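# Remarks on the overall topology
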Amino acid sequence: MRPSPIQRLAFAGRSFLLKRDDLLHPHLSGNKARKFHFLQQKQDIKEIHSFGSLHSNAMYSLSFLAKESGLSFIYYARPDPSLKSPKGNLRAALDNGMILRPLEEWPYDKALARTIQIGSRLYIPEGGRCPEAQEGIAILAKEIVEWAKKERTTPTIFLPSGTGTTALFLQKYLPFRVYTTPCVGDEAYLEEQFEALDPTALKPTVVPPPKKYRFGRLYPELFALWQELKTQTGVTFDLLYDPIGFATLLHHELLDENLLYIHQGGIMGNETMIERYKAKLDKIAKTDKGTQ
Ligand SMILES: *Cc1c(COP(=O)(O)O)cnc(C)c1O
């Protein structure tokens, strides 16, 4: 893997730096390429098992890696209406040969924070929340350290969290301060995830989002922020995590020339989010007209 580029951009009148992990690989969400890097070293595996939502970037990334290595990929999920006409991550994962099973058949605790290997079957926790993920995230940290040395700078790092795996291991391997915000659950939930994964590691600094957002829910102000990001920077960000990330940075006035934001990919998941936002915004426009 070649280091992903770092660019200087401006948003809302503030200069900042962007680590383009979204450009690492066309078929892997940036941070999933890092988190699942350890799979390349696994020789004795025939099946990958994991679980989570039918829209997850981790699901799609695992389906791609399994296909590339000639492995079976079995995914445990709760059926939902999107199965009738699959789009985005789900469509692509099914095209890669993903086998779906009911969530109740996942044989382990859903809070599992490590992989389990039974013969040639490897069970991976939701979102790749496992100690092995640090192998690839250590490479990301090394790229940042080498860049900072060359630039003679001491950046502050920011990235939005789901399971918190990426943020935790980045802080573990970086001599710089790592800030993050929870996009799934609240600050307490995120701190618990850190503890479960690596009780002894130095933890990232958790900053709260400006308000409580429910993961995957639609917030017109976040869609507007995402569009504004694209207009002002020319970069397409993901719609689940990045708008919460930037809303948090603006709220706490953390966006400045020393800040290095990690773009963690996830663009393939945007297709279904944009469709849902368009439907919602149409509905709002119609209701507005009706009340005038
Ligand atoms: C998976 C993912 C995250 C969350 O990563 P964690 O390591 O679970 O915190 C953030 N952004 C994008 C785009 C992702 O695909």
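In what follows, the accompanying structure is described. Just so it is clear, the structure is predicted and the values come from calculations on it, not from any experiment.

## Notes on the site of the ligand
Around the ligand, the surrounding shell holds 15 residues, and the nearest of these are K32, K35, N57, T163 and T166. Compared with its free state, where it exposes 390 Å², the ligand has 97% of that area covered by protein. In terms of residues, the shell around the ligand owes the most to one element, helix α1 (residues 30-35), which gives three residues. Classifying every residue of the shell around the ligand by side-chain character gives one nonpolar, eleven polar and three charged.

## As for the pattern of salt bridges
Counting across every chain of the model gives ten salt bridges. The residue E221 makes a salt bridge to K211 at a minimum N-O spacing of 2.9 Å. One end of the pair, E221, is in helix α7 (residues 220-233); the other, K211, is in the loop between β10 (205-206) and α7, and ten residues separate them in sequence. Overall, the relative accessible area of 39% leaves E221 in the partly exposed class. Several salt bridges converge on common partners, so that one network encompasses K19, D21, R34 and E143.

## As for the environment of K19
Its place among the elements puts K19 in strand β2 (residues 14-20). Accessibility expressed as a relative area gives 1% for K19, which makes it buried. Note: C-alpha distance between K19 and F223 (204 residues apart in sequence) is 22 Å. Residues within four places of K19 in sequence aside, it is in contact with S4, P5, I6, R34, L140, E143, I144, L260, Y261, I262 and H263. A polar contact of 2.7 Å, which involves the side chain of K19, links it to the side chain of E143.

About the cut-offs
- Each residue is numbered by its place in its chain's sequence as written, counting from 1.
- Local features in this predicted model are restricted to residues whose pLDDT is 70 or higher, and side-chain atom pairs enter the listing and the counts only when it is 80 or higher, whereas totals over whole chains, interfaces and linings include all residues.
- To get the side-chain values, all heavy atoms of the structure are used, and hydrogens and water are removed first.
- Throughout this document, a residue counts as near a molecule or strand when at least one of its heavy atoms sits within 4 Å of that molecule or strand.
- Each accessible area is a Shrake-Rupley estimate made with a 1.4 Å probe; only the visible protein chains count as cover when residues are assessed.
- Helix and strand labels come from DSSP, where a helix needs a run of H or I of at least four residues and a strand needs a run of E of at least two; each type is numbered from the N terminus.
- Lys, Arg, Asp and Glu make up the charged group, whereas Ala, Val, Leu, Ile, Met, Phe, Trp, Tyr, Cys and Pro make up the nonpolar group; the residues left over, Gly among them, are polar.
- By convention in these notes, a salt bridge is any Lys or Arg side-chain nitrogen within 4 Å of a carboxyl oxygen on Asp or Glu.
- When accessible area is computed with a 1.4 Å probe and restricted to protein chains, residues below 20% of their type maximum are described as buried, those above 50% as exposed, and intermediate ones as partly exposed.
- For this analysis, residues touch if any pair of their heavy atoms sits within 4.5 Å.
- In the analysis that follows, any N or O atom pair within 3.5 Å is treated as a polar contact, provided that within protein one partner can donate a hydrogen and the other can accept it, and provided that, for residues neighboring in sequence, both atoms belong to side chains.

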